[in-house]
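Coordinate inspection notes
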Amino acid sequence: MLLRDRLQTALKEAMKAKEVDRLSTLRLINAAIKDREIALRGDQDAGEVGEPEILQIMGKMVKQRQESARAYEEGGRLELAEKELAEIGVIQEFLPRQMDQAEVVAAVDAAVAETGATSIRDVGKVMAALKARYTGQMDFGAVGALVKARLA
């Protein structure tokens, strides 16, 4: 089942079960996807965003909520931090499993070998190969540093 279909099914189930918080988060996901589609309409004749773009949107949403939860915890607003963490849980249900550190290192090594990267100038090629294959499965901010260290 496609990710977009899984989101729609979950939205309907949340409505039927009257799960207010889950429904709210699912609506936020759909709104973010629609916003991206609307933004793309001006640039080209794209109808819908694909699965990699949806994964990217959802990954960004998780990262935003992690930052918000951290800020709320530092500010002593634990109830708001818990709400953000609950939203992260709902979003992560639809994301692929996150790779552990050993898997990330192995993927970086494979991408370096595959692209023939030899110097720091090839970081872009390696990152593009990783993003094409592992979107939503790893934190590319952390992976960028790993690739640079590997090629330095």
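Above this text is the structure in question.
Residues numbered from 1 in each chain as written. Predicted model: local features only at pLDDT ≥ 70, side-chain atom pairs only at ≥ 80, totals over all residues. Heavy atoms only, no water.

Looking at the packing of helix 5 (residues 101–115) against helix 7 (residues 140–151)
- Between helix 5 and helix 7, the shortest axis-to-axis distance is 11 Å and the interhelical angle comes to 50°. Our classification of the angle between helix 5 and helix 7 gives oblique. Along this stretch, helix 5 crosses helix 7, giving a crossing that reads as right-handed. Contacts between helix 5 and helix 7 involve Q101, V104, V105, V108, D109 and V112 from the first element and V143, L146, V147, R150 and L151 from the second.
- Partitioned by chemical class, the residues of the contact of helix 5 with helix 7 number eight nonpolar, one polar and two charged. (Axes fitted to C-alpha atoms, helices over the stretch in contact; angles between N-to-C directions. Helix = DSSP H or I, 4+ residues; strand = E, 2+ residues; numbered from the N terminus. Parallel < 35°, antiparallel > 145°, perpendicular 65-115°, else oblique. Left-handed = near helix turned anticlockwise from the far one by under 90°. Contact = heavy atoms within 4.5 Å. Nonpolar A, V, L, I, M, F, W, Y, C, P; charged D, E, K, R; others polar.)

Some words on the layout of surface pockets
- Its boundaries defined by the atoms lining it, the largest pocket holds a volume of some 550 Å³.
- Every residue lining the largest pocket is counted, 19 residues in all, and those nearest its centre are G59, K60, K63, M138 and F140.
- Top contributing element to the lining of the largest pocket by residue count: helix 3 (residues 51–74), with nine residues.
- In terms of residue class, the lining of the largest pocket is made up of six nonpolar, eight polar and five charged. (1 Å grid on protein atoms, 1.4 Å probe; cavity = no way out; pocket = protein on both sides within 12 Å on 5 of 7 lines; lining within 4 Å. Points joined across faces, edges and corners; volume = space filled by probe spheres on them.)

Side note on the side chain of R65
- Mapped onto the fold, R65 is located in helix 3.
- Aside from chain neighbours lying at most four places away, what touches R65 is L28, E84, E87, I88 and I91.

Comments concerning the pattern of salt bridges
- Taken as a whole and assessed by the stated rule, the structure comprises ten salt bridges.
- A salt bridge links E79 to R77; the nearest nitrogen and oxygen atoms lie 3.1 Å apart.
- Residue E79 is classed as partly exposed on the basis of its relative accessible area of 48%.
- Here D109 ties to R150 by a salt bridge, and the two come within 2.7 Å at their closest N and O atoms. One end of the pair, D109, is in helix 5; the other, R150, is in helix 7, and 41 residues separate them in sequence.
- For R150, a relative accessible area of 42% puts it in the partly exposed group.
- Each of E19, R22 and E93 takes part in salt bridges that share partners, so that together they form one network. (Salt bridge = Lys/Arg side-chain N within 4 Å of Asp/Glu carboxyl O. Buried < 20%, exposed > 50% of the residue type's maximum accessible area, 1.4 Å probe, protein only.)

Observations regarding the packing of helix 6 (residues 123–134) against helix 7
- Between helix 6 and helix 7, the shortest axis-to-axis distance is 10 Å and the interhelical angle comes to 140°. When the interaxial angle is binned, helix 6 and helix 7 end up oblique. For the element pair helix 6 and helix 7, the recorded crossing hand is right-handed. Residue-level inspection shows V123, V126, M127, L130, K131 and Y134 of helix 6 in contact with helix 7, the latter providing F140, V143, G144, V147, K148 and L151.
- Tallied by class, residues from the contact of helix 6 with helix 7 come to nine nonpolar, one polar and two charged.

Points about the nonpolar core
- Formed by 21 residues in total, the largest nonpolar core has its most connected members in L7, L26, I29 and M58.
- Secondary structure elements with two or more residues in this core: helix 1 (3–17), helix 2 (20–43), helix 3 and helix 4 (78–92).
- The element that contributes the greatest number of residues to this core is helix 3, accounting for six residues.
- Ranked by size, the runner-up nonpolar core spans 18 residues in total, among them M99, V108, Y134 and V143. (Core = buried A, V, L, I, M, F, W, Y, C linked by side-chain atoms within 4.5 Å.)

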